Amino acid sequence: MAVNEVLTTIKKRRSVRSFKPDQITEAELQTVLEAGIYAPSAGNQQLWHFTVIQDKQVLDQLNTDAKAGAAQIDNEHIQQMAKNEKFNIFYGAPTVVIVFGKEDGLMIESDCAAATQNILLAAESISLGSCWVDFTLFAFGGEQDEKYKQQLGVPAGYKPFASVALGYKKIEAVNAPTRKENVINYVK
């Protein structure tokens, strides 16, 4: 099998859930954001918007509001996480990037997922820890939706699709779990 830097990064990347409190550098932040905007998009529309949050008070409020929203979801596992006072949805990361997409964009969910994956891979390639966090989405919707969109400077007509917690890894991630077999078939 071929091996190169990209394939090595893909295989090495793991979700990090333990971050050092130190803020990432501006150069590191710009590197991962640039990777996000270079993701493929349907019809090359590029209808995403990235909001970077490094304000601890805003992150703490998002954590509280997302957990309150998640507590209302009809899913026992999500409710348990939401009710755990020690659980921080961002795992203490000092930087969070929320990936928004234009609500009426063609294939916008896929576009935002591709951008999110690029951010995760770029973070790993420069030794930053990252974790894809969809729990953030529970803070949006309802009465808080417009409050957050206004506070965060989100363009009209955009909604959140994902977020990424970023920071320096407190510990190195473990090796990849065994991958499932028999998930590929060929039609030649």
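Residues numbered from 1 in each chain as written. Predicted model: local features only at pLDDT ≥ 70, side-chain atom pairs only at ≥ 80, totals over all residues. Heavy atoms only, no water.

Student: In this structure, what is going on with the layout of surface pockets? I would like to understand it.
Tutor: Where empty space is left becomes clear once a probe the size of a water molecule has been rolled over the atoms. The computed volume of the second largest pocket comes to approximately 170 Å³. Lining the second largest pocket are Q23, Q54, K56, L59, D60, N88, F90, G92, A93 and P94. A per-class count over the lining of the second largest pocket returns 4 nonpolar, 4 polar and 2 charged. (1 Å grid on protein atoms, 1.4 Å probe; cavity = no way out; pocket = protein on both sides within 12 Å on 5 of 7 lines; lining within 4 Å. Points joined across faces, edges and corners; volume = space filled by probe spheres on them. Nonpolar A, V, L, I, M, F, W, Y, C, P; charged D, E, K, R; others polar.)

Student: Just checking my understanding: could you explain the sheet that holds strand β3 (residues 129–132) for this structure?
Tutor: An order of β1-β2-β4-β3 is seen for the 4 strands of this open sheet, with the pairing classed as antiparallel. Strand pairing shows two members of the sheet lacking a second neighbour, β1 (48–53) and β3, which therefore form its edges. Neighbouring strand axes in the sheet, compared pairwise and without regard to direction, differ in orientation by 25° on average. Relative to strand β2 (residues 95–102), β1 is paired through 6 bridges, and the arrangement is antiparallel. By the bridge assignment for β2, V52 is matched with V97. (Pairing = 2+ DSSP bridges. Helix = DSSP H or I, 4+ residues; strand = E, 2+ residues; numbered from the N terminus. Axes fitted to C-alpha atoms, helices over the stretch in contact; angles between N-to-C directions.)

Student: Quick question: what am I supposed to make of the pairing of strand β4 (residues 158–167) here?
Tutor: Looking along a regular strand, one sees side chains alternate from face to face of the sheet. Buried residues dominate β4, accounting for 9 of its 10 residues. As defined by bridge partners, β2 adjoins β4 across 8 bridges and the pair is classed as antiparallel. Residue pairing for β4: V96 is matched across the bridge by A165. By the bridge criterion, 4 bridges tie β3 to β4 in an arrangement that is antiparallel. By the bridge assignment, W132 is partnered in β4 with V164. (Buried < 20%, exposed > 50% of the residue type's maximum accessible area, 1.4 Å probe, protein only.)

Student: Any chance you could explain the packing of aromatic side chains here in plain terms?
Tutor: For any pair of aromatic rings, geometry is given as the distance between the ring centres together with the angle between the planes. Inspection of the entire model under this criterion finds 6 aromatic pairs. Ring geometry for F87 against Y91: centres 5.9 Å apart, planes inclined by 70°, an arrangement best described as edge-to-face. What makes Y91 partly exposed here is its relative accessible area of 23%. Look at F140 and Y148: their rings are 5.6 Å apart centre to centre, the planes differ by 50°, and that puts the pair in the tilted class. Accessibility classification places F140 together with Y148 in one group, the buried group. What links up through ring pairs into an aromatic cluster is the set F87, Y91, F135 and F138. Above the plane of the ring of Y148 lies K147, whose end atom (NZ or CZ) is 4.5 Å from the centre. In this structure, K188 packs its charged tip against the face of Y186, placed 5.6 Å from the ring centre. (Phe/Tyr/Trp six-rings, centres within 6.5 Å; stacked < 30°, edge-to-face > 60°. Lys NZ or Arg CZ within 6 Å of the ring centre and 35° of its normal.)

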